[in-house]
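Each chain, written out:
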Amino acid sequence: MPIQSRRAALPALRPTLGRPLSAAFVAGAVAASVVVLPLRPAAGQYDVPYVPTPQPVVDAMLEMAQVGSGDYLIDLGSGDGRIVVTAARKFGTPGMGVDLNPERIAEGNANAERAGVTDKVKFVRQDLFKTDISDATVLTMYLLPQVNLRLRPVVLDTLAPGTRVVSHAFDMGDWTPDETRTVEGKRLYRWVVPAKVSGTWDLRSEGGGARLTLDQTYQRFDGAVRADTGMARLTGGRLEGKDIRFTLAMGDGEARTYTGTVEGDRMSGTVEGGGTWTAERTGG
Ligand SMILES: C[S@@+](CC[C@H](N)C(=O)[O-])C[C@H]1O[C@@H](n2cnc3c(N)ncnc32)[C@H](O)[C@@H]1O
């Protein structure tokens, strides 16, 4: 396995929240098992060893992300640039690869040159933790569990709702993926960054109004409802990017599903069975 250096394998032995590492990463870690492990890598060390994603797995990751020419893809820890270059070559997607290792950056540039996509992609030597990812509409990664977990709040707070995040091999802890696939024995995960809906909302529809107090956990939310007509119950609260869905069961037992779109502090959509609804956030 192409390990960059013995130092590069060290982080593979750091605590992994009880999840097994990939066989390739474990093989790298075994070679380093006699050294005392630092909790954090010292300056200049890599957080993840270099293990390239097989091309059919790259293709599957891009399919899961549904990349197109209107997207901007960032691969964090881009290795030889294969994900960024493939997206540009096959789908015309502009993008950026970020890697700390100058050899990987040189390989990325050479691969972009060979594929004729230098006008669409760039490779930047920098720390993925110091990279501004806010322009990404697709974020790809093949990192490590604890690196994913460190990135998770950045992903949720920086990326626009609807941004697709695809990870090879490692999940994001208790943020349940929206899709998983296994391709050539490799586990792949896709999440869609959800809009933020926690807070209080005034909902209006032809059937009357209600005050919603929503409590969001990633792409799911619960809520307390005080409807004009009495108490009601909210179930099935779910977000996919800006798309929202929930069911309100009224005191008389009638339940209606609301679907719509979140735009900042406003949401609107249609009610199952007919009619429209709007809601405005009144408190955070
Ligand atoms: C497992 S490889 C993945 C390569 C590529 N994304 C792929 O899937 O083929 C991880 C890459 O992350 C890079 N890397 C490790 N720590 C990094 C850091 N802190 N910032 C940027 N890149 C880093 C390594 O040099 C390596 O190329």
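Residues numbered from 1 in each chain as written. Predicted model: local features only at pLDDT ≥ 70, side-chain atom pairs only at ≥ 80, totals over all residues. Heavy atoms only, no water.

### What to know about the sheet that holds strand β7 (residues 186-192)
Move 1: Read across the open sheet, the seven strands follow the order β3-β2-β1-β4-β5-β7-β6; overall the sheet is mixed. Both outer strands of the open sheet, β3 (121-125) and β6 (179-183), are each paired with one neighbouring strand and no more. Neighbour to neighbour, the strand axes of the sheet diverge by 15 degrees on average, direction disregarded.
Move 2: As paired strands, strand β1 (residues 73-76) and strand β4 (residues 138-141) are joined by four bridges and run parallel to one another. (Pairing = 2+ DSSP bridges. Helix = DSSP H or I, 4+ residues; strand = E, 2+ residues; numbered from the N terminus. Axes fitted to C-alpha atoms, helices over the stretch in contact; angles between N-to-C directions.)

### What about the nonpolar core?
Move 1: Residues L139, V155 and V165 are the most contacted members of the largest nonpolar core, which totals 27 residues.
Move 2: At the level of secondary structure, the elements contributing two or more residues to this core comprise β1, β2 (95-99), β4, α6 (145-158) and β7.
Move 3: No other element matches the four residues that α6 contributes to this core.
Move 4: L139 has contacts with I74, L76, I133, V155, L159, R164, V165 and V166, leaving out every residue within four places of it along the chain.
Move 5: By size, the runner-up hydrophobic cluster in this structure holds 23 residues, among which are L62, M64, L73 and I105. (Core = buried A, V, L, I, M, F, W, Y, C linked by side-chain atoms within 4.5 Å. Buried < 20%, exposed > 50% of the residue type's maximum accessible area, 1.4 Å probe, protein only. Contact = heavy atoms within 4.5 Å.)

### Observations regarding the site of the ligand
Move 1: Around the ligand, a shell composed of 24 residues is seen, among which D47, T53, G77, D99 and L128 lie nearest.
Move 2: G77 has a polar backbone atom sitting 2.7 Å from a nitrogen atom of the ligand.
Move 3: At a separation of 2.8 Å, a nitrogen atom of the ligand approaches a polar backbone atom of L128.
Move 4: Coverage of the ligand by the protein chains reaches 100% of its 600 Å² of free accessible surface. (Near = heavy atom within 4 Å. Polar contact = N/O pair within 3.5 Å; in protein donor to acceptor, adjacent residues only side chain to side chain. Areas by Shrake-Rupley, 256 points an atom, 1.4 Å probe, with all protein chains shown as cover.)

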